[in-house]
Amino acid sequence: MCEKWRRGVWDCREEVKIFRALILGELERGQNQYQALCFISRLSRNEIIPSESMARLRQKNPHVIRLAEERKGLEQLTMSAAVNLSRAGQLSSHIHNMCSEAQEAIYTREADVKHWLEKGVDGSIFEVLAQTTEAPSFQACHSTKDLWQPCLCTFGLRLEWYPCLLKYCRSRDGTAKGTTYKCGIRSCSKGYHFTYYVPQKQLCLWDEET
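Each chain carries its own residue numbering, running from 1 in the written order of its sequence. At least 70 in pLDDT is required for a residue's local features to be given in this predicted model, at least 80 for side-chain atom pairs to be given and counted, and no such filter applies to totals for whole chains, interfaces and linings, which use all residues. Computation of side-chain values: all heavy atoms of the structure, hydrogens and water removed.

Named according to an unreviewed UniProt entry, the protein is Out at first protein homolog originating from Characodon lateralis. Taken verbatim from the UniProt record of the protein, the Sequence similarities (unreviewed entry) comment is "Belongs to the OAF family." UniProt positions are given in the numbering used here, feature names are shortened, and annotations may be inferred rather than shown by experiment.

Peer 1: I'm lost on the state of the cysteines in this one. Help?
Peer 2: Note on terminology: a disulfide is the covalent bond linking the sulfur atoms of two cysteines. Note on disulfides: each one is a pair of cysteine sulfur atoms within 2.5 Å. Scanning all chains against the criterion turns up four disulfides. The side chain of cysteine 141 participates in a disulfide bridge whose partner is cysteine 151; the two sulfur atoms lie 2.0 Å from each other. Of note, the bridge from cysteine 141 to cysteine 151 carries an S-S torsion of about 85° and is right-handed in sense. With cysteine 141 in the loop between β9 (126–128) and β10 (151–170) and cysteine 151 in strand β10, the pair connects residues that are ten residues apart, well separated along the chain. The classification of residues rests on relative accessible area computed with a 1.4 Å probe and restricted to protein chains. Under 20% of the type maximum is buried, over 50% is exposed, and intermediate values are partly exposed. Owing to a relative accessible area of 0%, cysteine 151 belongs among the buried residues under this scheme. Paired by a disulfide, cysteine 164 and cysteine 188 hold their sulfur atoms 2.0 Å apart. Judged by the sign of its S-S torsion, about 65°, the bond between cysteine 164 and cysteine 188 is right-handed. Remark: cysteine 188 occurs in strand β11 (residues 180–198) and cysteine 164 occurs in strand β10; sequence separation between them is 24 residues. Assessed through its relative accessible area of 4%, cysteine 164 is described here as buried. Helix and strand assignments follow DSSP, with helices taken as H or I runs no shorter than four residues and strands as E runs no shorter than two, numbered in order from the N terminus.

Peer 1: Looking at this structure, how should I read the environment of isoleucine 18?
Peer 2: As for its placement among the helices and strands, isoleucine 18 is situated in strand β3 (residues 16–24). Residues isoleucine 18 and cysteine 38 lie 20 residues apart in sequence; the distance between their C-alpha atoms is 6.9 Å. Between two residues, a contact is recorded if the distance between any of their heavy atoms is within 4.5 Å. The residues touching isoleucine 18, leaving out its near neighbours within four places in the chain, are Arg7, Gly8, Val9, Trp10, Cys38, Phe39, Ile40, Ser92, His94, Ile95, Met98 and Cys99.

Peer 1: What's the story with unusual backbone geometry in this structure? I'm lost.
Peer 2: Peptide bonds are mostly trans, and most non-glycine residues show a negative phi. Despite not being glycine, glutamate 15 shows a phi value in the positive range, around 60°. With respect to the helices and strands, glutamate 15 occurs in the loop between β2 (8–11) and β3. Phi is positive for glutamine 103, close to 50°, though the residue is something other than glycine.

Peer 1: It is not clear to me how the packing of aromatic side chains should be interpreted in this structure. Could you clarify?
Peer 2: Between 30 and 60 degrees the pair is tilted, below 30 it is stacked and above 60 it is edge-to-face, where a pair is any two Phe, Tyr or Trp rings, Trp via its six-membered ring, whose centres lie within 6.5 Å. Taken as a whole and assessed by the stated rule, the structure comprises twelve aromatic pairs. Look at phenylalanine 19 and phenylalanine 194: their rings are 5.6 Å apart centre to centre, the planes differ by 55°, and that puts the pair in the tilted class. Of this pair, phenylalanine 19 sits in strand β3 while phenylalanine 194 sits in strand β11, placing them 175 residues apart in sequence. Take phenylalanine 194: its relative accessible area is 1%, and that puts it in the buried class. Placement of a positive charge over a ring is assigned whenever Lys NZ or Arg CZ falls within 6 Å of the ring centre and within 35 degrees of the normal to the ring plane. The lysine or arginine in question, lysine 17, covers the ring of tryptophan 10, its NZ or CZ lying 5.6 Å from the ring centre.

Peer 1: What should I look at first to understand the side chain of serine 189 in this one?
Peer 2: Looking at where serine 189 falls in the secondary structure, it is placed in strand β11. The exposure class of serine 189 is buried, given its relative accessible area of 3%. Aside from chain neighbours lying at most four places away, what touches serine 189 is Ala68, Glu70, Arg71, Lys72, Arg158, Leu159, Glu160, Trp161 and Tyr162.

Peer 1: Explanation requested: the pattern of salt bridges in the structure shown.
Peer 2: Side chains that carry opposite charge are capable of pairing whenever their charged atoms lie near each other. The rule for a salt bridge is simple: a side-chain nitrogen of Lys or Arg has to be within 4 Å of a carboxyl oxygen of Asp or Glu. This model, assessed by the stated rule, comprises eight salt bridges. Linking arginine 13 and glutamate 14 is a salt bridge whose minimum nitrogen-to-oxygen distance equals 3.0 Å. Note on arginine 13: relative accessible area 66%, which makes it exposed. For glutamate 70, the salt bridge is made with arginine 186, and the minimal N-O distance between the two is 3.2 Å. Note that glutamate 70 is positioned in strand β5 (residues 70–71) and arginine 186 in strand β11, a separation of 116 residues in sequence. With a relative accessible area of 28%, arginine 186 lands in the partly exposed category. Residues joined in a network through salt bridges with shared partners are Glu69, Glu70, Lys72, Lys167 and Arg186.

Have a look at this one:
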């Protein structure tokens, strides 16, 4: 693990991002007290700075409340496969702890499934969801009136701070050029929209037209 937030873990060793959400249920509409979701995707090496640099940063300023210097654009992700929790340790050892409450609501992308299969991960971890095998024309949940109809749900979250780039400074060594050295990090915030199939709108009541 190279970074952990309230809403997720980025596993740099396995190159896996894990996002978790706990959503309070609407008891008066027949929901449980809360609903847990997990979204898993591949972590690109250029998305975050090396873990050893972050470790030094935390040791230097462990109690600093940081604000992001750069606000990145929204990333849209279509989560077209489900992940089997009991076998997901092949992807990352952190999935079981992060996603144990989600159980049947752990999602990933088709492109990431293909990448992991090419790396030798067991295909039984994944199950392709209905919108890619049965009926690709499901409506968005916010356009679906019947609570018991299947639809495509969207859930959004934002990471308010993560270390995205190293900063380099130039030393004053008496020459015109000087030398560069690592002198800090650049921080970013980023939003994510996850779209995924649900068998009934009742599982996606937050995604409604206002």
